Amino acid sequence: MLDHSQVRGRLRQRPPMLLLDTVREFSPPASLVATKAITGGEDCYRDMADGTGIDGFAYPSVLLLESFGQAVSLLWSLAGLGPPDEVPLMVGIRDLAYAAPAVPGDVLEHHVQLSHHSGAVGEFTGETRTADRTVLTVGSILVVSRPSSSLLPTTPAPHQEKDGR
């Protein structure tokens, strides 16, 4: 287990990956449309082999879902659905369907809607589109908020030497 200084050190080494560029629409607390432009300069394309066809440039599904999840989190935060000192955490996904690949040059539009909110729990639905196609549909993402302090250990873990002792 990492102690607080190790967590801070790792965050300084590599900043969190922001997968949203703009918010196009915001109708609090019900909906949000956020965009993400896919470029060939992204880390996921760094080690592409010469001669890779267009199919090899499909944006990774895990990054597509992470980007959609960031739009959900942004709606949660901007709409004030939870206390400002709490962090929204995705705890469940249902009816997730990847419909078509997205590639460099596409601009993703995440359309997120709040379908239910009660206390520290929210349920969201939506889809991700490009200019000419739907690439992702999300039947339900369940989010709960927790105090950020509850996510860190209350006491630092004992220091271990490099050899594990």
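Per chain, the residues get numbers from 1 upward, laid out in the order the sequence is written. A pLDDT threshold of at least 70 governs which residues receive local features in this predicted model, and a stricter bar of 80 or more applies before side-chain atom pairs are shown or counted, although totals over entire chains, interfaces and linings include all residues. Remark: hydrogens and water are excluded; side-chain values derive from all non-hydrogen atoms of the structure.

This part takes up the layout of surface pockets. Put simply, the grid is 1 Å and covers the protein atoms alone, a cavity is a trapped set of points that fit a 1.4 Å probe, a pocket is an open set with protein on both sides within 12 Å along at least five of seven lines, and lining residues have an atom within 4 Å of a point. Grid points are joined across faces, edges and corners, and a volume is the space filled by probe spheres set on the points. Taken as a whole, the largest pocket holds about 190 Å³ of empty space. Gly 69, Gln 70, Ser 73, Pro 88 and Met 90 are, among the 13 residues lining the largest pocket, the residues nearest its centre. Take the lining of the largest pocket: its biggest share by element is seven residues, from helix α2 (residues 61–78). Charged means Asp, Glu, Lys or Arg here, nonpolar means Ala, Val, Leu, Ile, Met, Phe, Trp, Tyr, Cys or Pro, and polar covers whatever is left, Gly included. By residue class, the composition of the lining of the largest pocket is nine nonpolar, three polar and one charged. Runs of H or I in DSSP of at least four residues are treated as helices and runs of E of at least two as strands, each being numbered from the N terminus.

Residues belong to one nonpolar core when they are buried, are Ala, Val, Leu, Ile, Met, Phe, Trp, Tyr or Cys, and are joined through side-chain atoms within 4.5 Å. For every residue, the accessible area obtained with a 1.4 Å probe (protein chains only) is divided by the maximum for its type, and the residue is called buried under 20%, exposed over 50%, and partly exposed between those limits. Within the largest apolar cluster, 24 residues are counted, with the highest numbers of intra-cluster contacts made by Tyr 59, Phe 68, Val 72, Leu 108, Val 112 and Phe 124. Taken together, the elements giving at least two residues each to this core come down to β2 (31–37), α2, β4 (107–118) and β6 (134–147). The biggest single contributor to this core is α2, with seven residues. The contact criterion used throughout is that any non-hydrogen atoms of two residues lie within 4.5 Å. Ignoring sequence-local partners within four residues, the contact set of Leu 108 consists of Ala 34, Thr 35, Lys 36, Ile 38, Tyr 59, Leu 64, Ala 102, Thr 128, Arg 129, Thr 130 and Val 135.

Salt bridges are defined by distance alone: a side-chain nitrogen of Lys or Arg within 4 Å of a carboxyl oxygen of Asp or Glu. Applying the stated rule across the entire model yields seven salt bridges. Ionic pairing is found between Glu 42 and Lys 36, a salt bridge with its closest N-O pair at 3.0 Å. For the residue pair Glu 42 and Lys 36, the accessibility class agrees, reading buried in each case. Arg 46 is the salt-bridge partner of Asp 43, the closest N and O atoms lying 2.8 Å from each other. The class for Asp 43 is partly exposed, based on a relative accessible area of 43%. By relative accessible area, which is 55% here, Arg 46 ends up exposed. Each of Asp 106, Asp 132 and Arg 133 takes part in salt bridges that share partners, so that together they form one network.

Residues enter a patch when their relative accessible area is above 30% and they make no salt bridge; the linking distance is 9 Å between like charges and 5 Å between nonpolar side chains (Val, Leu, Ile, Met, Phe, Trp, Tyr). Reported accessibility uses the Shrake-Rupley method at a 1.4 Å probe radius. Residues are deemed covered only where the shown protein chains occlude them. A cluster of nonpolar residues, Met 90, Ile 93, Leu 96 and Tyr 98, forms a patch on the protein surface that exposes about 330 Å² of accessible area. Along the chain, Leu 96 falls in strand β3 (residues 86–98).

So, about the environment of Gln 70. Position of Gln 70 relative to the elements: it lies in helix α2. Residue Gln 70 is classed as buried on the basis of its relative accessible area of 14%. With near-sequence residues (within four places) excluded, Gln 70 lies in contact with Met 17, Leu 18, Leu 19 and Leu 20. Two N or O atoms count as a polar contact when they lie within 3.5 Å, although within protein this holds only if one can serve as hydrogen donor and the other as acceptor, and sequence-adjacent residues are included solely when both atoms are side-chain atoms. Within polar-contact distance, the side chain of Gln 70 engages the backbone nitrogen of Leu 19 at 2.8 Å.

The subject of this paragraph is the pairing of β6. Between any two strands, pairing holds if DSSP finds at least two bridges. Inspection of the sheet shows β3 paired to β6 by 11 bridges, in the antiparallel sense. In the strand pairing of β6, Met 90 is matched with Val 143. The hairpin turn running from strand β5 (residues 121–129) into β6, its antiparallel successor, is four residues long.

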